[in-house]
Amino acid sequence: MDWSYTIWIPLLPFVGFLLLGFYGRKLPAPVPGWIGTIGVFGALVLSYITAYNYFFVENTDMLFEPIKGFEMLWMNFTDVLQFKMGVLLDPISVMMMVVVSTVSFLVHLYSIGYMKGDPGFGRFFVSLSLFTFAMLGLVVATNLFQIYFFWELVGVSSYLLIGFYYEKPSAILASKKAFIVTRFADFFFLIGILIISYYTQTFDFLTLNGMDETSFTSLSASSFMGMSVLAWALTLAFIGGAGKSAMFPLHIWLPDAMEGPTPVSALIHAATMVVAGVFLVARLFPMYSHVDGGAVLHIVAFVGAFSSLFAAIIALTQLDIKRVLAFSTMSQIGYMMLGLGVSGLEGHEGLGYTASMFHLFTHAFFKSLLFLGAGAIIHAVHSNYMTKMGGLRKYLPITHITFLIAALAISGIWPFAGFFSKDAILDAAYMHNKIYFWVGWFVAGLTAFYMFRLYYRIFWYEDRVYKHTPHEAPATMTYPLMILGALSLLAGFVFFYVWPFAEYIGPTGKPFHMHINWILAGISLGVALIGIVLATIMYKKKNDIPDKVSKAFGLFYKWTYDKFYFDEIYMFVTKKIMFGIISAGWTWFDTNIVDGTMNLIGNTTVKSSNAIKKLQSGRMQDYAYAIVSGAVALVIIFVYIWTH
Amino acid sequence: MIQGVGITHVLIVSTLMFFIGIYGFLTRKNLITILIAIELILNSVAINFIVINKYLFPEKINGQIFSLFIIAVAAAEVAIAIAVVIDFYRINKSIDVEHGETMKY
Amino acid sequence: MGAQIMFYILAIIILVFSFLAVTSSKVMRATMYLLFTLIATGGLYFLIDYNFMASVQLIVYAGGIVALIIFAVMLTEKIEAKIALPDKTKMIFAGLLSIVGSIVTIYILLSHPFKESSNDIGQTVSVIGENLLNYGEGGFVLPFELVSILLLASLIAAIVIAKRKFDN
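It should be emphasised that the depicted structure is a prediction, and the values quoted were computed from it without experimental measurement.

Cut-offs used in this document
- Residues numbered from 1 in each chain as written.
- Chains lettered and ligands numbered in written order.
- Predicted model: local features only at pLDDT ≥ 70, side-chain atom pairs only at ≥ 80, totals over all residues.
- Heavy atoms only, no water.
- Helix = DSSP H or I, 4+ residues; strand = E, 2+ residues; numbered from the N terminus.
- Buried < 20%, exposed > 50% of the residue type's maximum accessible area, 1.4 Å probe, protein only.
- Contact = heavy atoms within 4.5 Å.
- Areas by Shrake-Rupley, 256 points an atom, 1.4 Å probe, with all protein chains shown as cover.
- Expected span 1.5 Å × (residues − 1).
- Pairing = 2+ DSSP bridges.
- Buried area = accessible area lost by both parts, 1.4 Å probe.
- Salt bridge = Lys/Arg side-chain N within 4 Å of Asp/Glu carboxyl O.
- Nonpolar A, V, L, I, M, F, W, Y, C, P; charged D, E, K, R; others polar.
- Phe/Tyr/Trp six-rings, centres within 6.5 Å; stacked < 30°, edge-to-face > 60°.
- Lys NZ or Arg CZ within 6 Å of the ring centre and 35° of its normal.
- Axes fitted to C-alpha atoms, helices over the stretch in contact; angles between N-to-C directions.
- Parallel < 35°, antiparallel > 145°, perpendicular 65-115°, else oblique.

## Here's the deal with the overall build of chain B
- Secondary structure summary: chain B contains three helices and zero strands in total.
- When the helices and strands of chain B are read in sequence order from the N terminus, they spell out α-α-α.
- Burial status across chain B gives 64% buried among its 105 residues.
- Of all intrachain contacts in chain B linking residues separated by at least 6 positions in sequence, the fraction that spans at least 24 positions is 61%.
- Per element, the accessible surface of chain B, about 3500 Å² overall, is 67% carbon and sulfur.

## Examining the environment of S55 of chain C
All names here are of chain C.
- Topologically, S55 is positioned in helix 3 (residues 51-76).
- For S55, a relative accessible area of 25% gives the class partly exposed.
- Taking C-alpha positions, S55 is 9.4 Å from G43, a pair spaced twelve residues apart along the chain.

## Quick word on helix 17 (residues 397-411) of chain A
Residue and element names in this part refer to chain A.
- When the terminal C-alpha atoms of helix 17 are compared, their 21 Å separation across 15 residues agrees well with the 21 Å that a helix rising 1.5 Å per residue should span.
- Within helix 17, eleven of the 15 residues are buried, which leaves it mostly tucked inside the rest of the structure.
- Among all positions in helix 17, only T399, H400, T402, F403, I405, A406, A407, L408, A409, I410 and S411 are buried.
- As for helix 17, its buried residues are in contact with helix 15 (321-341), helix 16 (351-381), helix 18 (417-432), helix 19 (434-459), helix 20 (475-498) and helix 22 (518-539).
- Positioned one or two residues after helix 17, G412 has a phi angle of 80 degrees, which is positive.

## Here we look at the pairing of strand 1 (residues 67-76) of chain A
Residue and element names in this part refer to chain A.
- Relative to strand 2 (residues 82-89), strand 1 runs antiparallel, the two sharing eight bridges. Its bridge partner lying in strand 2, L73 is registered against K84.
- In this structure, the hairpin formed by strand 1 and strand 2 is closed by a connection of five residues.

## Re the side chain of T102 of chain A
All names here are of chain A.
- Mapped onto the elements, T102 comes out in helix 3 (residues 91-114).
- When its relative accessible area of 6% is taken as the criterion, T102 is described as buried.
- Not counting residues within four places of it along the chain, the set of residues in contact with T102 comprises L44, Y48, F365 and L487.

## Quick look at the interface of chain C and chain B
- The interface is formed by 83 residues belonging to chain C together with 72 residues belonging to chain B.
- Summed over both partners, the interface of chain C with chain B comes to about 7200 Å²; 75% of that surface belongs to carbon and sulfur atoms.
- The largest share of the area that chain C buries against chain B comes from V22, Y50 and Y61 of chain C, three residues that together contribute 9% of it.
- For the pair chain C and chain B, the interface holds zero salt bridges.
- Per-class residue counts for the side of chain C that touches chain B are 55 nonpolar, 19 polar and nine charged.

## Observations concerning helix 9 (residues 229-244) of chain A
Residues and elements named next belong to chain A.
- The end-to-end C-alpha distance of helix 9, which contains 16 residues, comes to 23 Å, matching closely the 22 Å that a straight helix rising 1.5 Å per residue would cover.
- Burial within helix 9 is extensive, with 14 of its 16 residues counted as buried.
- A246, located one to two residues past helix 9, shows a positive phi value of around 55 degrees.

## Things to note about the packing of aromatic side chains
All names here are of chain A.
- Here the structure, examined in full by the defined rule, presents 53 aromatic pairs over all chains.
- When the ring of Y198 is compared with that of Y199, the centres are 5.2 Å apart and the planes differ by 90 degrees; the resulting orientation is edge-to-face.
- On the basis of relative accessibility, which here comes to 58%, the residue Y198 falls in the exposed class.
- Overall, the relative accessible area of 25% leaves Y199 in the partly exposed class.
- One residue, R283, lies across the ring of F205, its end atom 5.5 Å from the ring centre.
- The ring of Y430 has K434 sitting right over it, with the charged end atom 4.6 Å from the ring centre.

## As for the environment of S228 of chain A
Residues and elements named next belong to chain A.
- In this structure, S228 sits in strand 4 (residues 227-228).
- For S228, a relative accessible area of 7% puts it in the buried group.
- Taking C-alpha positions, S228 is 6.9 Å from D292, a pair spaced 64 residues apart along the chain.

## Structural notes on the pattern of salt bridges
Residues and elements named next belong to chain A.
- Inspection of every chain in the model, using the stated rule, returns ten salt bridges over all chains.
- Between K68 and E71 there is a salt bridge, with the nearest N and O atoms lying 3.4 Å from each other.
- A residue is classified by how much of its surface remains accessible, and K68, at 33% relative accessible area, is partly exposed.
- Given a relative accessible area of 30%, E71 falls into the partly exposed group.
- Where salt bridges share partners, they join K177, D256, D320 and R323 into one cluster.

## Topic: the packing of helix 2 (residues 27-47) of chain C against helix 3 of chain C
Residue and element names in this part refer to chain C.
- Across the interface, helix 2 lies against helix 3 with an axial gap of 8 Å and an inter-helix angle of 175 degrees. Between helix 2 and helix 3, the interaxial angle falls into the category roughly antiparallel. Contacts from V27, M28, T31, M32, L34, L35, L38, I39, T41, G42, Y45 and F46 of helix 2 reach helix 3 at N51, M53, A54, Q57, L58, Y61, A62, V66, I69, I70 and V73.

Now the structure itself:
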């Protein structure tokens, strides 16, 4: 089969981006939106065709070998240092392609309604198309260089979109924060890439993943602090992934990134870009599990579990609905990382990997649904704060139903999508390490609680009188909600029973059978139900239990509300310690020596030119005087030289 | 060749003439007098060519040809310069070089 | 001996009138002094037996160029008008420069051993004419043509510049 058409999957949004970039701002309001949407729709259709061909036509033997649909040499430096661009088709890239194009398409469609009347309408779709291009390019990357290239490109488009309302100082700060934090993490990723390619002499994923444990051991003889060099490189790459995926302690940018328009949060900071870190680990998963016997995966699992718990606790107390969702995203990505971290490579051992990918898949749908629903709510109420909401179920019926579906899905209630994937992750965690299972179990309860707290605070709680009666969003906004609602409802069920996820996507491409461990499922379902019940008691009707509870927790409540002061700690570290103490000498050098030298040169030039300006009198006699005296002086000099 | 007069003598005369011309060029304010100074300079150079031709290479004529060209160029230059001077006078109602300073802008 | 005396007389005329030409405070007089200088130069050419050059000097320089300058003077200045004298500092500096330059040059002239040719043949006008039109080796036909073009160009340029009209 000829797969070269797959190159158009990323290129179609890119064409849209170019068109919009050149002409977008001149077009009247809805047109750029439709251009961008059509571009992404093309990518959507192509990726569905690709998925069908890949899973059901090409690989009927259920052994999913990676295929390079397209590859070209972009920059050729030496025999080894070659930068290629291409399309790699394997189960996870095809799945990601589908997820990214689906969510991106729905978000494009939704944004046409959401951004209506915004002066930056065209600009918004330019950045959105750029992001879609970059993300699709990332997921089909054939090599580390390409993934890094698109990795930075999604960072840039994320920066542009977070700072979309650039006249708002908080948006600018948030976009800067997101860019700097992720860029900081990307720096480690880059070092990791350089180390990996230096030792293995390749960038190519297939080559890297094709090596076995002994060849990795022989490649990296040197070790540092008990881990081989390659293990360190993978750790560095994971730090890059953690930055992009907002894992503890590089999570601080994600809540602030909610300053961007809500569709952006749905697309970038919920469904696609933030899972790039998970995707990166999954992409290099065979390598992760081969190097040092999977030592780095322990780090991955720990960071994932801790972030999951940490974010869930913070999400309990937040009042900004988008921030609740942001921390919930962080928590769910922590789940995915945990799933990868506890996974093995062969057969049923690879359950964690499959579960993680499965959760990524379902999470993309219900989390973008939650964000788009939140967008519809914000659109109706003109506030981000749940204190300004309540009783909205009467005004926004479609949003209410879809939001409820998503909340049930993320809480992991059977038969919604989240149940199957979350259960699979908990199952894998249980097989690996009981502590991780109990952490995941506890987080599941917390998730159900804070999601239903959010749900009740928005839609029930108290009936209030709104200045402007909230009304349901236009069709371009509600249809994406309904489609995503259907996906959140069905994706888990269908991909568990009809086309079992595990038979298609596994760490080695060899299928295995995934089944529900009903005891574990029951325990986690139970805790989720407890969470929902607690939330119902506390928040369905306005009462004083929440206040009592928060008082009972006292200081702890305050800590969580202030996100454990991580922003403040970072500010202290960067401002006081790094800028104030460590780099003070350097700053002095910079301002006084470096800048001083430059200023001196500049000032001297200005001063001396002012001084000699008078020489340029414009009187030719003065010039002639200079010429003649110069000539005479030269003659004197030469005569002196010749005669002595 | 002039009986009893060495080449050096003639050349000293042309040198002095040259530097008198330079002096005039540097000090004069009136455009026409500057032109006169330039003529002196050109003339001294022409003398140099001719004298060297005569004294050192009498069998050749290059010196004469060159001074012919100098005379021709001087004629052309004076023609243009006079036109410029008249133009200058029509703009400034004066032919003082001081008024030409604005040309640097 | 007569030639020697004649040379010195001409040299004195040249230097004195040159000096007067650049210091005179009346333009018309300066022009006349220039004329004398140029005529004396022509005499110098006669003295060294270059009759053709001498006649060219008299016709073109003394006749043509000085006439042009006189026209310019008459068009722009009152003939007897005094012109502003230069600043003192300017005079001193320019004078110093000229004196230094002269001294250096004369020093070089005196210290350089010129090999004067004993051959005292005069070149006839026909030789110059043939050489000007000679396109063979050592011929001057190209510069001759260039000069003719230059003269034409300056003729046109002079007309164009002088004909320029001004609104004010």
